[in-house]
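Observations on the model geometry
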Amino acid sequence: MKKVVLLVILFAFAVSCSNQKGGQLVGVQGRQDWYESQPYGMVFVPMGSFTMGQSDESASWAMTTKSKRVSVDAFWMDETEITNNEYRQFVKYVKDSILRRKLGQQIDEFLITEDQYGNPIDPPRINWEAEIDPTDEAQREIINSMYYDQQDRLFGRKQLDTRQLMYTYFWVDYQQAAERANKYNYDAKQYEGSVTNTQGESMEINSRKAFIMRGKVNVYPDTLCWIRDFTYSFNEPYTDNYFSHPAYDNYPVVGVDWEQARAFSIWRTKYLNDYLRTEGEGEVQDYRLPTEAEWEYAARGGLNLNPYPWGGPYTRNEEGCFMANFKPMRGNYVDDGALITMPVGSYSPNDYGLYDMAGNVAEWTANAFDQSAYFFTHDMNPSYKYQSEPDDPPAMKMKVIKGGSWKDIGYYLQNGTRLYEYKDSAKSYIGFRCVRSYLGGSDRQ
């Protein structure tokens, strides 16, 4: 009887709520107010319009620098390039997650197999609360498996086996999902068409999960890039120390290819959203690599047709000091204050508060490189992306890099200069930074 009375009361309450606006169209009520606070370490870049492309002659006559008027939406951007210590947090997370999954294969407490209602979780989640005890004999053996075997150790040093640091990540391929051939047929109650996965395999669409792409990448930076990039040059100390030694913690991470940079962005989103869910808060927008247009617009700092992020046409200020870390004059690398990279933020920011948008390290963008991209991309949030397949020719695996680096001459520091690198190439002069789309339109202008 009590249940019947309760149901009647709830029904009456629901009816009264639905009629309280007199049958008028007022929208769904009770939704939370929204204001996006500034993400840690990021600055706001307002929406705007600018002339995209080179405003000076093309030094290589490459015909890739057509100017084009475009408009971009507002977004957040990291005020500096991702540093060694920030990227190390990603590496440490991957290492710890692999270790805990190994421990979970023998010790139940390291994996969560059921949710709060007793339903099975497949695959099981990592229990980050379980304590790792190196003194425990069973755990110690598993912990030691994360390090190089005796025959692979140099001078007997116990070092982490970085070959094991494989990170599996997922993203939604909206481009394939938006194709008309892949739409959902409401009459037949099934999807039509097919999708191509990251291995170049074509698969029929059986459910929405078909649009979820899977990637797997080793996350440890290629420290040998310091030797590989420069023939007959003594850079072994950078190979040994640049990523691992605390002296370089605040230097930009290098030796990271495009796939690793994208994996970092996806992990960064998941890492924050996992925390917000534990706090009962909503998820945030995805962290990602900036599009070429977003990067160039941010680099200009609200100025149009300016060749460099600081606005002027020269690489020196009024006192004769260089404005960025690059290769000045005829190879006098140290004339700007550094031989290779410098700690992030060593030079003054542009008018948006962004540091090192020219020099220090060049930066990956989300876009594929095509010489004619300016001709066919849209003038609103222009972006050209191509998910290359393993069997594609090298020309299909090129990604746009921007900003120039410590080893480049001044021309390559210009905002509109377009360069490329192959997505599976890790270089000692290429890093990256992340962006996040801003929610709220123009209310923050």
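So, here is what we can say about the structure in this document. Within every chain, residues take consecutive numbers counted from 1 along the sequence as written. At least 70 in pLDDT is required for a residue's local features to be given in this predicted model, at least 80 for side-chain atom pairs to be given and counted, and no such filter applies to totals for whole chains, interfaces and linings, which use all residues. Neither water nor hydrogens contribute to the side-chain values; these are computed over all heavy atoms in the structure.

Observations concerning the sheet that holds strand S18 (residues 435-437)
Neighbouring strands of a sheet are bound in pairs by backbone hydrogen bonds; such pairs are parallel or else antiparallel. Taken in spatial order, the four strands line up as S1-S4-S18-S13 in an open sheet, and their pairing is antiparallel. Looking along the sheet, the strands with just one partner apiece sit at the ends: strand S1 (42-45) and strand S13 (287-288). Its contacts with the sheet put helix H8 (residues 292-300) on S1, strand S4 (75-78), S13 and S18, and the angle it makes with S4 is roughly 75 degrees. For two strands to be treated as a pair, DSSP must find at least two bridges joining them. To qualify as a helix, a DSSP run of H or I must reach at least 4 residues; to qualify as a strand, a run of E must reach at least 2; elements of each kind are numbered from the N terminus. The contact rule is simple, with two residues in contact once any of their heavy atoms fall within 4.5 Å. Angular values range over 0 to 180 degrees, each being the angle between N-to-C directions of two axes fitted as lines to C-alpha atoms, with helices fitted over their stretch in contact.

A few points about the side chain of Ser97
With respect to the secondary-structure elements, Ser97 resides in helix H2 (residues 84-104). Under the scheme applied here, a residue whose accessible area is under 20% of the maximum for its type counts as buried, over 50% as exposed, and between as partly exposed, the area being computed with a 1.4 Å probe on protein chains only. Relative accessible area serves as the criterion here: at 11%, Ser97 is assigned to the buried category. At a separation of 2.8 Å, a polar atom in the side chain of Ser97 contacts the main-chain carbonyl oxygen of Val94. Excluding residues within four positions of it along the chain, Ser97 makes contact with Ile126 and Trp128. A 3.5 Å cut-off defines polar contacts: any pair of N or O atoms within that distance qualifies, except that in protein one atom must be a possible hydrogen donor and the other a possible acceptor, and neighbouring residues in sequence count only when both atoms are side-chain atoms.

Remarks on the packing of aromatic side chains
Under the pairing criterion, centres of Phe, Tyr and Trp rings, with the six-membered ring standing for Trp, must be within 6.5 Å; the plane angle then separates stacked pairs below 30 degrees from edge-to-face pairs above 60, leaving the rest tilted. Counted by the stated rule, this structure contains 38 aromatic pairs. Between Tyr93 and Tyr271 the ring centres are 6.0 Å apart and the planes differ by 85 degrees, which places this aromatic pair in the edge-to-face class. Pair noted here: Tyr93 is in helix H2 and Tyr271 is in helix H7 (residues 258-278), with a separation of 178 residues, a long-range link. Accessibility expressed as a relative area gives 15% for Tyr93, which makes it buried. On the basis of relative accessibility, which here comes to 42%, the residue Tyr271 falls in the partly exposed class. Plain terms: the ring middles of Phe322 and Phe326 are 5.4 Å apart, the flat faces sit at 80 degrees to each other, and that makes the pair edge-to-face. You can call Phe326 buried: its relative accessible area is 3%. Note on criteria: charge over ring means Lys NZ or Arg CZ within 6 Å of the ring centre, with the direction from the centre no more than 35 degrees off the ring normal. Above the face of the Trp171 ring, Arg262 is positioned so that its terminal group lies 4.0 Å from the ring centre. Against the face of Trp258 rests Lys399, its NZ or CZ located 4.2 Å from the ring centre.

Brief notes about a nonpolar patch on the surface
Here, patches come from residues exposed beyond 30% relative accessible area and free of salt bridges, joined within 9 Å for like charges and within 5 Å for nonpolar side chains (Val, Leu, Ile, Met, Phe, Trp, Tyr). Per-residue and other accessible areas follow the Shrake-Rupley method at a 1.4 Å probe size, with only the shown protein chains counted as cover for residues. Salt bridge, as applied in this entry: a Lys or Arg side-chain nitrogen positioned within 4 Å of an Asp or Glu carboxyl oxygen. On the surface, a nonpolar cluster with roughly 420 Å² of combined accessible area is contributed by Phe170, Val172, Tyr174 and Ile212. In this fold, Ile212 is placed in strand S12 (residues 212-218). Residue class for Ile212 comes out partly exposed when judged on its relative accessible area of 42%.

With respect to the side chain of Asp392
Relative to the elements of secondary structure, Asp392 occurs in the loop between helix H9 (373-376) and strand S15 (398-402). The charged-residue count follows a simple rule in which Lys and Arg add positive charge and Asp and Glu add negative charge, with His and chain termini not counted at all. Summary of buried charges: Asp392 has no salt-bridge partner, and the nearest side chain of opposite charge, Lys397, is 6.8 Å away. Reaching out from Asp392, the side chain makes a polar contact with the side chain of Tyr386 at a distance of 2.8 Å. In terms of polar contacts, Asp392 uses its side chain to reach the backbone amide nitrogen of Glu389, at 2.7 Å. When near neighbours in sequence (up to four residues on either side) are disregarded, Asp392 contacts Tyr386 and Lys397.

Brief notes about the nonpolar core
The nonpolar core is taken to be a set of buried Ala, Val, Leu, Ile, Met, Phe, Trp, Tyr and Cys residues, with the residues joined through side-chain atoms within 4.5 Å. If you look at the biggest cluster of nonpolar residues, it comprises 56 residues, and the most contacted ones within it are Tyr87, Phe90 and Phe432. Sorting the residues of this core by element identifies S1, H2, helix H3 (137-144), strand S7 (166-172), S12, helix H5 (225-228), H7 and strand S14 (362-368) as the ones contributing at least two each. For this core, the element with the most residues is H2, which contributes eight residues. Every residue in contact with Phe432, bar those within four places of it in the chain, is listed here: Glu81, Ile82, Tyr87, Val253, Val256, Ala261, Phe264, Leu289, Glu363 and Trp364. Counting 18 residues, the second largest nonpolar core, distinct from the first, contains Val70, Trp295, Tyr352 and Tyr374.

Some remarks on the packing of H2 against H3
Contact geometry of H2 with H3 gives a least axis separation of 10 Å together with a crossing angle of 135 degrees. Put simply, H2 runs oblique to H3. Note that H2 runs across H3; the crossing there is right-handed. For the pair H2 and H3, the contacting residues are Leu99, Lys102 and Leu103 in the first and Gln139, Ile142 and Ile143 in the second. Grouping the constituent residues of the contact of H2 with H3 by class yields four nonpolar, one polar and one charged. Under this scheme an angle from 65 to 115 degrees is roughly perpendicular, one under 35 degrees roughly parallel, and one over 145 degrees roughly antiparallel; angles in between are oblique. Here a crossing is taken to be left-handed if its near helix is turned anticlockwise relative to the far helix by less than a right angle, and right-handed if that turn runs clockwise. Three classes are used, and their members are as follows: Ala, Val, Leu, Ile, Met, Phe, Trp, Tyr, Cys and Pro are nonpolar, Asp, Glu, Lys and Arg are charged, and the others, Gly among them, are polar.

A short note on unusual backbone geometry
Note that the residue after Asp122, namely Pro123, is joined by a cis bond; omega there is 0 degrees. Note on placement: Pro123 falls in strand S6 (residues 120-126). Despite not being glycine, Leu305 has its phi angle at roughly 65 degrees, a positive value. Its place among the elements puts Leu305 in the loop between H8 and S14.

Some remarks on the pattern of salt bridges
On inspection of all chains with the given rule, the structure shows 20 salt bridges. With a closest N to O distance of 3.0 Å, Arg436 and Glu36 form a salt bridge. You can see Arg436 sitting in strand S18 and its partner Glu36 sitting in the loop between helix H1 (2-18) and S1, a full 400 residues away along the chain. Across the salt bridge formed by Lys402 and Glu296, the nearest N and O atoms sit 3.3 Å from each other. With Lys402 in strand S15 and Glu296 in helix H8, the pair connects residues that are 106 residues apart, well separated along the chain. Through salt bridges with shared partners, a single ionic network connects Lys92, Lys95 and Asp96.

A look at the sheet that holds strand S16 (residues 419-422)
As summarised here, the arrangement of the four strands in space is S16-S15-S14-S17, forming an open sheet in which the pairing is mixed. At either end of the open sheet lies a strand with only one pairing partner, and these are S16 and strand S17 (430-431). The pairing of S15 with S16 spans four bridges and is classified as antiparallel. Bridge pairing links Met398 to Tyr422 in S16.

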